[in-house]
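# Architecture and fold: a report
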Amino acid sequence: QQQVKQSPQSLIVQKGGIPIINCAYENTAFDYFPWYQQFPGKGPALLIAIRPDVSEKKEGRFTISFNKSAKQFSLHIMDSQPGDSATYFCAASYTGNQFYFGTGTSLTVIP
Amino acid sequence: ETGVTQSPTHLIKTRGQQVTLRCSSQSGHNTVSWYQQALGQGPQFIFQYYREEENGRGNFPPRFSGLQFPNYSSELNVNALELDDSALYLCASSLGGQVGLTEAFFGQGTRLTVV
């Protein structure tokens, strides 16, 4: 059973556009929601993370929106650049020992 | 760079063989988690080591085993390799034995191919 569902599977935007990646979860015990960026052949790199006591968090061009009642959270990339082309994973955890990852979104930013 | 290093970066093994993968955690971190990432999928939790003890295990068979050393580096051992074990193996370094309390940083992974 997939604990975290991620969509879309792939996304193509023009440079300067705002891609949005969505994730949904079922386990209300989850209390930490990170987003990771992964380039081919590399390990995931932590981008930004949020806890359910806030509805939005911004770090640079990356914003997480969190809707606790809907059990959904999303990543927005402002002013996207070709260098943002990568695979993005959402994840969730409670205060335990593992992350549950989504299936990933392949983002392509066209110059 | 995260300060988490894995070796080797690539490995090719034959079905039935055994393999050992290594991970050096970030300085100051006492927890190492291992994940398996199949092509086109998200990472799947294998197990976690905290202060040299296994501290949780995912849905992987016993032929996946591990160790953590006093310096908090870690090994992942896989016996009786199967073709489906071909994947990118990632280790993540963190502090405190409980993810979500502190950030977790991943290494670059070891690409294992079983033929």
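Residues numbered from 1 in each chain as written. Chains lettered and ligands numbered in written order. Predicted model: local features only at pLDDT ≥ 70, side-chain atom pairs only at ≥ 80, totals over all residues. Heavy atoms only, no water.

### Some thoughts on the layout of surface pockets
Taken as a whole, the largest pocket encloses approximately 370 Å³ of empty space. Contributing to the lining of the largest pocket are 21 residues, with Thr87 and Phe89 of chain A together with Gln37, Gly40 and Gln41 of chain B lying nearest its centre. Among the elements of the structure, β9 (86–92) and β11 (105–110) of chain A are those that each provide at least two residues to the lining of the largest pocket. In the lining of the largest pocket, the residues fall into 8 nonpolar, 11 polar and 2 charged. (1 Å grid on protein atoms, 1.4 Å probe; cavity = no way out; pocket = protein on both sides within 12 Å on 5 of 7 lines; lining within 4 Å. Points joined across faces, edges and corners; volume = space filled by probe spheres on them. Helix = DSSP H or I, 4+ residues; strand = E, 2+ residues; numbered from the N terminus. Nonpolar A, V, L, I, M, F, W, Y, C, P; charged D, E, K, R; others polar.)

### Focus: the state of the cysteines
Using the criterion set out here, one finds 2 disulfides over all chains in the structure. Put simply, cysteine 23 of chain A and cysteine 90 of chain A are joined by a disulfide, and their sulfur atoms are 1.9 Å apart. Handedness of the cysteine 23 of chain A-cysteine 90 of chain A disulfide follows from its S-S torsion of about -95°: it is left-handed. In this pair, cysteine 23 of chain A sits in strand β3 (residues 20–25) while cysteine 90 of chain A sits in strand β9, placing the two residues 67 residues apart along the sequence. On the accessibility criterion, cysteine 90 of chain A (0% relative accessible area) is buried. With a sulfur-sulfur separation of 1.9 Å, cysteine 23 of chain B is cross-linked through a disulfide to cysteine 91 of chain B. Because the torsion about its S-S bond is 70°, the bridge between cysteine 23 of chain B and cysteine 91 of chain B counts as right-handed. Of this pair, cysteine 23 of chain B sits in strand β3 (residues 19–24) while cysteine 91 of chain B sits in strand β9 (residues 87–94), and the two are 68 residues apart along the sequence. Across this residue pair, the class does not change: cysteine 23 of chain B and cysteine 91 of chain B are buried. (Disulfide = S-S within 2.5 Å. Buried < 20%, exposed > 50% of the residue type's maximum accessible area, 1.4 Å probe, protein only.)

### Description of the packing of aromatic side chains
All names here are of chain A. Summed over the entire model, instances satisfying the criterion amount to 22 aromatic pairs over all chains. Ring centres 5.7 Å apart and planes at 70° place the aromatic pair tryptophan 35 and phenylalanine 73 in the edge-to-face group. Placement of the pair is tryptophan 35 in strand β4 (residues 33–38) and phenylalanine 73 in strand β8 (residues 72–77), with a sequence separation of 38 residues. Overall, tryptophan 35 belongs to the buried group, its relative accessible area being 0%. Using a relative accessible area of 2% as the deciding quantity, one classes phenylalanine 73 as buried. Following the ring pairs from residue to residue traces out a cluster consisting of Tyr25, Phe30, Phe33, Trp35, Phe66, Phe73, Tyr94 and Tyr100. (Phe/Tyr/Trp six-rings, centres within 6.5 Å; stacked < 30°, edge-to-face > 60°.)

### Topic: the pairing of strand β6 (residues 53–57) of chain B
All names here are of chain B. Pairing of strand β5 (residues 44–50) with β6 involves 3 bridges; the strand directions are antiparallel. Across the sheet, tyrosine 49 pairs through a bridge with glutamate 54, a residue of β6. Between β5 and the antiparallel strand that follows it, β6, lie 2 residues; arginine 51 among them carries a positive phi value of about 50°. (Pairing = 2+ DSSP bridges.)

### Looking at the interface of chain B and chain A
With 23 residues of chain B at the contact, the number on the chain A side is 20 residues. For the pair chain B and chain A, the interface holds 0 salt bridges. At the level of secondary structure, the elements contributing two or more residues to the side of chain B that touches chain A comprise β4 (31–37), β5, β6 and β9 of chain B. The dominant element in the side of chain B that touches chain A, judged by the number of residues it contributes, is β4 of chain B, at 3 residues. Its residues assigned to classes, the side of chain B that touches chain A comprises 9 nonpolar, 13 polar and 1 charged. (Contact = heavy atoms within 4.5 Å. Salt bridge = Lys/Arg side-chain N within 4 Å of Asp/Glu carboxyl O.)

### A closer look at the side chain of glutamine 37 of chain B
Relative to the helices and strands, glutamine 37 of chain B resides in strand β4. Given a relative accessible area of 6%, glutamine 37 of chain B falls into the buried group. One polar contact links glutamine 37 of chain B to glutamine 38 of chain A, side chain to side chain, over a distance of 2.9 Å. Within the local environment of glutamine 37 of chain B, its side chain forms a polar contact with the backbone oxygen of glutamine 41 of chain B, the two atoms lying 2.9 Å apart. If near-sequence neighbours (up to four positions away) are discounted, glutamine 37 of chain B is found in contact with Gln38 and Phe89 of chain A together with Gly42, Pro43, Ala87, Leu88 and Leu90 of chain B. (Polar contact = N/O pair within 3.5 Å; in protein donor to acceptor, adjacent residues only side chain to side chain.)

### Things to note about the nonpolar core
Phe33, Trp35, Phe73, Leu75 and Tyr88 of chain A are the most contacted members of the largest nonpolar core, which totals 25 residues. Secondary structure elements with two or more residues in this core: β2 (10–14), β3, β4, β5 (45–50), β7 (62–67), β8, β9 and β11 of chain A. Sort the elements by how many residues they give to this core and β9 of chain A lands first, with 4 residues. Not counting the four nearest positions on each side in its chain, tyrosine 88 of chain A is found in contact with Gln6, Ile21, Tyr36, Gln37, Leu47, Phe62, Leu75, Ile77, Gly104, Thr105 and Leu107 of chain A. Judged by nonpolar contacts, the second largest core, of 20 residues, contains Ala87, Tyr89, Cys91 and Val114 of chain B. (Core = buried A, V, L, I, M, F, W, Y, C linked by side-chain atoms within 4.5 Å.)

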